[in-house]
Amino acid sequence: MSRALIVVDVQKDFCEGGSVPVKGGADRAAAIAELVRRDRERYVHIVATRDHHVDPGDHFSERPDFVDSFPVHCVVGGEGGEFHPGFAPAVDSGAVDEVFYKGARSASKSGFEGAAEDGTSLSDWLRARDVTELDVVGIATDHCVRATALDGVREGFDVRVLLDYTAGVAADTTGTAMNELRRAGVVLSGEPVVIP
Ligand SMILES: [Zn+2]
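Residues numbered from 1 in each chain as written. Predicted model: local features only at pLDDT ≥ 70, side-chain atom pairs only at ≥ 80, totals over all residues. Heavy atoms only, no water.

(A) Geometry of the coordination of the zinc ion. Only D51 (OD), H53 (NE2), H59 (NE2) and H73 (NE2) from the protein coordinate the zinc ion, and they sit 2.1 Å from it. Considering all 4 donor atoms around the zinc ion, the spread of angles at the metal, 89 to 167 degrees, places the coordination shape in the irregular class. The motif formed by the donor residues of the zinc ion, counted along the single chain, is D-x1-H-x5-H-x13-H. The two residues D51 and H59 agree in class, both being buried. (Donors = N, O, S within 2.8 Å, 3.2 Å for Na, K, Ca; no water. Tetrahedral: all angles 85-135°; square planar, octahedral: opposite > 155°, others 65-115°. Buried < 20%, exposed > 50% of the residue type's maximum accessible area, 1.4 Å probe, protein only.)

Here you go:
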């Protein structure tokens, strides 16, 4: 058995001060960096995903519903798409083995829709390294963490979400996501972080 950690979308635009801020995002970014530092040995691999938009169509809207459409965020080449400075040191230290980019031309909530710079998909990358179990953390619990964990199960991995290392947009959608994840067979550990 070999377990990887997937860090989902810990980017400036999804934290306080960004264009689609999730409260608690900056705090979780630092907590995830600490998790990476402390538990690096527990994981055979650590990877991160990045929302990385060029022209994602109606994923961007001037009148966003915050379900399917959002204000402009994480545009390729823009500052908002950079890793949050709380988490960036974990990447800069070399502890993150690969980064997977998603959403160039479409909304793309799941990290499994992402690809490394050489085009390798997340699932192919993990399978090539005999990874069978995943821990998923990041932002937001009720959006991209949810979608990544659900796809992880569909792709045949044993998936756990470490709720202490996630930030949710809202309590109701985070609760719905947790129920959905449990039903799909995802193990939830810790307590959800949702700041109203
Ligand atoms: Zn997006």
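Next, the rest of the story.
(B) Region of the structure containing the pairing of strand β4 (residues 133-139). Along β4, 7 of the 7 residues are buried, which leaves the element largely enclosed by surrounding structure. Side chains E133, D135, V137 and I139 of β4 all project onto a buried face; the interleaved residues L134, V136 and G138 project onto the opposite face, where all are buried too. The pairing of strand β1 (residues 3-8) with β4 spans 6 bridges and is classified as parallel. Residue pairing in the sheet places L5 in a bridge with D135 of β4. With 6 bridges connecting them, β4 and strand β5 (residues 158-167) associate as parallel partners. In the sheet register, L134 faces β5, and the bridge partner there is V159. For the segment spanning β4, helix α4 (residues 141-154) and β5, crossover handedness is right-handed. (Helix = DSSP H or I, 4+ residues; strand = E, 2+ residues; numbered from the N terminus. Pairing = 2+ DSSP bridges. Right-handed = clockwise from strand over helix to strand, strands pointing away.)

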